[in-house]
Amino acid sequence: MCGLAGIARHEPRGVPDEVLRRMAAALRHRGPDGYGIYAGRRVGLAHTRLSIIDLVSGAQPLTNEDGRIVIVYNGEVYNYIELRRELEPLGHRFRTQSDTEVLVHAYEQWGERMLERLNGQFALAIYDRRDESLFLARDRFGVRPLFYALHGGDLLFGSEVKAILAAGEIAAAPDPAGLDEVFTFWAARAPRTPFRGVHQLEPGACARWRDGRLTTARWYALHYESVAAEPADALATLDTLMRDSVRLRMRADVPVGGYLSGGLDSSITCALAAAASPHDLRTFSVSFDDPALDESDFQREVAAGVKSRHAVQQIGRREIAAVFPEVVRHAETPLVRTAPAPMFLLSRLTRDQGIKVVLTGEGSDELFLGYDIFKETAVRLFCLRQPASTARPKLLDRLYPYLAQGTGGAARGGEFWRKFFLAAAAPGDPLFSHLPRFALTSRIREFYSDDVKREAGRRDVVDELRQSVPSGFMGWRPEHRAAWLEMDTLLASYLLSSQGDRMGLAHGIEGRFPFLDHRLYEFTSRLPVGSKLRGMHEKVILRRWARGIVPPRVLARHKQPYRAPDIPAFMDAGRPGYVDEMLGEPALRASGLFDPAAVGGLLRRCRDGRATGFAENQAFVAILSTQLWHDAFIRDFTPPAPLPADRADVRLDDSAAAPPSLEPLLH
């Protein structure tokens with residue numbers, strides 16, 4: 001895994017070598033193993049490398065034979081060996097063993113349509129010198145990020161926003177609409193970000209920049225079919241897809257490990273990885289001091305079963321508070337939960353143990369309807385079909401057993417709890433499944449400053465989402481509509497980004513996601529809902545298939561969402577000084593984002609131990625993280641020093657012709 005960045009000029013006035021080396025420096029954590037640049041009159045490219053495939057000759061930027069196509073790329077294309085076998089008989093000649101070079105020749109052969117052939121996770125930028133255009137693309141599910149900004153006809157882009165800011169050509173400013181999305185959906189939805197004028201390419205999207213104009217298009221879209229019955233060969237197909245997905249994701253020239261939470265998804269992933277690995281599998285877990293959050297018993301049981309070499313990162317409240325400012329700097333967005341912090345600490349442990357590639361279980365809950373929000377949707381519809389029933393709403397009390405309190409600080413369960421869910425939306429609303437969550441999270445708006453309220457009030461981000469659902473959406477089953485919303489609003493923008501890509505690559509750790517193989521997604525999207533969710537039982541077909549693969553106790557346990565301490569992490573007597581500083585009136589007035597009086601009231605409730613509700617926990621973390629974000633990027637962003645010119649693995653310019661040997665062209 002790597003970091004990429006670059007600038008495309010409307011006028012051919014060049015991109016200074018020093019600017020590219022500064023952009024690369026901002027991404028050094030993503031690629032600590034090497035870096036390279038291409039400094040041309042029209043386009044400049046920078047790349048930092050985390051070497052995983054073809055450790056010797058896979059450095060970037062990389063060109064085709066005549067130097068007219070130049071690529072920088074962040075990701076893995078797992079079927080690169082099969083694609084190479086297709087391309088060689090067509091006359092393409094390879095000088096490396098890397099998947100990057102396969103992409104160069106695939107673009108030569110098939111152009112933009114090459115994307116449909118890729119099985120992987122990627123963000124890429126290809127400079128096509130034949131027509132002076134730049135082609136950008138992002139994988140189907142948005143595993144790898146790609147940000148961009150247009151400035152006077154020039155295009156600046158990068159794997160992270162800090163690389164764009166490091167160029168020194170645009171200044172960071174908050175976008176109230178982007179912040180409003182964070183405080184509603186947990187993250188800004190692509191193409192929006194919390195930064196004014198900075199956008200992110202959508203998952204499954206590509207873009208072409210030419211002559212100062214950028215045109216974007218979707219090359220992959222999520223879709224669901226209504227099917228009455230499960231195919232007779234469904235279990236056999238699932239077995240083939242799961243095993244092949246893991247097999248492909250074990251491809252690497254370095255050892256591959258696994259993250260093991262102790263839940264069904266990570267247990268399946270690690271069991272299949274252990275069977276496919278030529279080495280003793282290395283597994284890694286987080287363990288919490290709080291017994292309500294800890295899953296270490298299950299982790300140890302699975303690790304023993306797969307015979308892995310297991311390492312544990314112990315997490316306490318103080319560890320979360322200590323790293324939280326750094327977590328926010330890597331996430332580049334305000335956060336509504338502290339959950340990314342343990343993943344940051346886990347990736348550091350993993351790197352210290354000498355592993356830089358891990359398989360994880362993300363994506364399974366979205367594909368197999370594993371989250372409680374899918375049960376909630378079904379139960380709410382069941383209740384609304386007989387609104388006079390007093391028995392049906394009691395099913396809602398069985399949801400979210402891990403929450404000590406429910407909405408508005410009220411005890412979980414009871415009439416207030418039930419009315420909240422049943423009055424949240426009409427069944428015909430496209431956002432029916434998610435409106436209770438959005439309403440709960442958006443209580444953070446109560447703390448906005450007057451200026452932000454006014455700015456944010458100019459847009460209705462919830463209605464924008466409502467208007468963006470795909471054609472045919474209302475013809476899908478309600479549970480599938482909920483799955484689309486979960487993938488659109490949370491998976492790519494938060495789970496795969498703030499908790500995934502950013503926390504892993506903060507320490508040079510690449511996550512791979514077997515459940516996010518597009519073939520597996522397309523298989524599950526054609527299954528009937530009853531194959532995935534039946535009553536209050538989730539992941540039905542996955543559990544049927546996994547018998548004999550994971551321990552019976554793991555197979556039988558219900559989904560326990562991954563959580564971490566929120567307010568308590570910052571309220572200990574020995575809390576870091578930044579908490580009081582960031583939430584003090586001078587800092588709040590300086591950012592101008594929140595009302596100091598309202599925040600002061602929340603802070604007093606936190607200190608007194610009275611802020612225990614879900615909404616207050618979210619509000620506290622959101623305000624603190626926003627203040628840290630503003631401090632790091634808006635108030636005081638300092639570009640890093642350029643990487644040393646004499647340390648570059650690759651230095652190319654417009655005079656680059658076909659490399660004369662197996663090594664990249666060096667200057």
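Above this text you will find the structure in question.
In this report, the structure presented in the accompanying data block is examined. These numbers come from a predicted model, not from an experiment.

Time to look at the overall build of the chain. Secondary structure assignment for the chain yields 24 helices and 20 strands. Computed over its C-alpha atoms, the radius of gyration of the chain comes to 24 Å, within 12% of the 26 Å expected for a compact globule of 667 residues. Here the C-alpha coordinates of the chain stretch approximately 75 × 65 × 45 Å along the principal axes. Of the contacts made within the chain by residues no fewer than 6 positions apart, 73% connect residues no fewer than 24 positions apart. Entry remark: accessible area of the chain is about 24,200 Å², with carbon and sulfur atoms responsible for 50%. In the chain, 86 side chains carry a positive charge and 84 a negative one; their mean positions are 4 Å apart.

Before going further, it helps to spend a moment on the sheet that holds strand 5 (residues 69–77). Ordered by their spatial adjacency, six strands build an open sheet running 4-5-6-7-11-12, and the pairing between neighbours is antiparallel. Strands at the two margins of the open sheet, each flanked by one partner only, are strand 4 (62–63) and strand 12 (213–218). For strand 11 (residues 205–210) and strand 12, the ladder comprises six bridges, and the chain directions are antiparallel. What sits directly across from A205, in strand 12, is R218.

This part takes up the nonpolar core. Across soluble globular proteins, you tend to see nonpolar side chains buried next to one another. Core analysis: the largest hydrophobic core is formed by 208 residues, its most contacted members being I268, F570 and F620. At 13 residues, the largest contribution of residues to this core is made by helix 24 (residues 614–635). Among residues more than four places away in sequence, those in contact with F620 are I567, F570, M571, V579, L583, L602, L603 and C606.

Quick look at helix 24 now. The terminal C-alpha atoms of helix 24, which comprises 22 residues, lie 30 Å apart, in line with the 32 Å expected from a rise of 1.5 Å per residue. Where burial is concerned, most of helix 24 is hidden: 20 out of the 22 residues are buried.

This paragraph deals with the environment of P401. Within the secondary structure layout, P401 lies in the loop between helix 12 (372–384) and helix 13 (415–422). Between the alpha carbons of P401 and S245 there is a distance of 33 Å; along the sequence they are 156 residues apart.

What counts as what
- Residues numbered from 1 in each chain as written.
- Predicted model: local features only at pLDDT ≥ 70, side-chain atom pairs only at ≥ 80, totals over all residues.
- Heavy atoms only, no water.
- Helix = DSSP H or I, 4+ residues; strand = E, 2+ residues; numbered from the N terminus.
- Rg over C-alpha atoms; globule rule 2.2 N^0.38 Å.
- Contact = heavy atoms within 4.5 Å.
- Areas by Shrake-Rupley, 256 points an atom, 1.4 Å probe, with all protein chains shown as cover.
- Lys, Arg positive; Asp, Glu negative; His and termini not counted.
- Charge placed at Lys NZ, Arg CZ, Asp CG, Glu CD.
- Pairing = 2+ DSSP bridges.
- Core = buried A, V, L, I, M, F, W, Y, C linked by side-chain atoms within 4.5 Å.
- Buried < 20%, exposed > 50% of the residue type's maximum accessible area, 1.4 Å probe, protein only.
- Expected span 1.5 Å × (residues − 1).

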